[in-house]
Structures are given as C-alpha cells and as structure tokens.
Amino acid sequence: FMMLQETKIQKSTQINITSSCGKEFILYNSGHSNRSLKGVGILVKKSTKIKFEPVSERICLAEIKINNTNKVYAISAYAPTLEETEKHPEKTEDF
C-alpha cells in the first residue's frame, strides 16, 4: 500500500485504477467537500481487505488486514504548506 498527500480530489471517494500492465488498484481518498484542493488517501491492490476512514481533507485512517490474525493501522496526514501558513497564520492551529 502507499499513503498519498495532496491528491486534490474532491470529496471522499474510491477510484478504481488499472495500471498499464493490467494490475488493479483502488485509491481511497479523503478530500475537500466542495473544491479540488488538499486531499489525502491510500492506494492499495484491489484484493486488499481495508477499512478506510476519511477524517478531513488533511487526515485519513486505514485498517489493513494482513492475514487472519494481523492488521496494520496507517495514517495519512499533512500540515499546511509554508505558503498557506504565511497567507493565513490563524488557520495553522486548525490542523
């Protein structure tokens, strides 16, 4: 699996992706509610057993089943960029 930041995909969604060599993946995305900004997600093989929880356009959680007894918990998150922080210093605390 691969955790992603700044996906810039609107809303929380699942996108099926097929690579040029025929491998199938699913992109689980946690995005901004009405604009194609920010966004985080996780890219997994289509066969992966996953519980995905979008928290905000900057944070998502995933529980990935490795086998019958083991799981991995993953978090994808990122803070505002320096440019964004300089434009809106009051929003830095909202992260």
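Up top you'll find the structure we're talking about.
This structure is a prediction, so every number in the text was calculated from the model and none was measured. (Residues numbered from 1 in each chain as written. Predicted model: local features only at pLDDT ≥ 70, side-chain atom pairs only at ≥ 80, totals over all residues. Heavy atoms only, no water.)

*Asks:* For unusual backbone geometry, give the residues involved together with the corresponding values.
*Replies:* Its identity is not glycine, yet E6 carries a phi of approximately 55°, on the positive side. A positive phi angle, near 65°, is found at K11, a position not held by glycine. Within the secondary structure, K11 sits in the loop between β1 (2-5) and β2 (13-18). We classify K11 as partly exposed; its relative accessible area is 47%. (Helix = DSSP H or I, 4+ residues; strand = E, 2+ residues; numbered from the N terminus. Buried < 20%, exposed > 50% of the residue type's maximum accessible area, 1.4 Å probe, protein only.)

*Asks:* Now, about the environment of E63: what can you tell me, with residues and values included?
*Replies:* Along the chain, E63 falls in strand β6 (residues 59-65). The contact partners of E63, leaving out residues within four places of it in the chain, are K49, I50, K51, K71, V72 and Y73. Here K71 takes part through its side chain, which lies 3.3 Å from a polar atom of the side chain of E63. (Contact = heavy atoms within 4.5 Å. Polar contact = N/O pair within 3.5 Å; in protein donor to acceptor, adjacent residues only side chain to side chain.)

*Asks:* Give a description of the pairing of strand β4 (residues 40-45) that names residues and reports values.
*Replies:* As defined by bridge partners, β1 adjoins β4 across four bridges and the pair is classed as antiparallel. Bridging from a neighbouring strand, M2 pairs with L43 of β4. Pairing of strand β3 (residues 24-30) with β4 involves six bridges; the strand directions are antiparallel. Looking across to β4, one finds that Y28 is bridged to I42. (Pairing = 2+ DSSP bridges.)

*Asks:* Pulling in residues and values, what's your account of the sheet that holds β3?
*Replies:* The strand order across the open sheet formed by four strands is β1-β4-β3-β2, and the pairing between neighbours is antiparallel. Both edges of this open sheet fall to β1 and β2, since each of them pairs with a single strand only. The mean angle between the axes of side-by-side strands here comes to 25°, regardless of whether they run parallel or antiparallel. (Axes fitted to C-alpha atoms, helices over the stretch in contact; angles between N-to-C directions.)

*Asks:* Please set out the packing of aromatic side chains residue by residue, giving values where relevant.
*Replies:* Under the defined criterion, the tally for this structure stands at one aromatic pair. Measuring from ring centre to ring centre gives 5.5 Å for Y28 and F52, while their planes differ by 35°; the resulting arrangement is tilted. Taken together, the residues Y28 in strand β3 and F52 in strand β5 (residues 49-56) connect sequence positions 24 residues apart. (Phe/Tyr/Trp six-rings, centres within 6.5 Å; stacked < 30°, edge-to-face > 60°.)

*Asks:* Talk me through the nonpolar core; I want residue IDs and the actual numbers.
*Replies:* Proteins that are soluble and globular tend to have nonpolar side chains buried together. In terms of nonpolar packing, the biggest core is built from nine residues, these being M3, I26, Y28, I42, V44, I50, A62, I64 and A74. Listing elements by their share of this core, those giving two or more residues are β3, β4 and β6. If sequence neighbours within four positions are ignored, I26 has contacts with Q14, I15, N16, I42, L43, V44 and K46. (Core = buried A, V, L, I, M, F, W, Y, C linked by side-chain atoms within 4.5 Å.)

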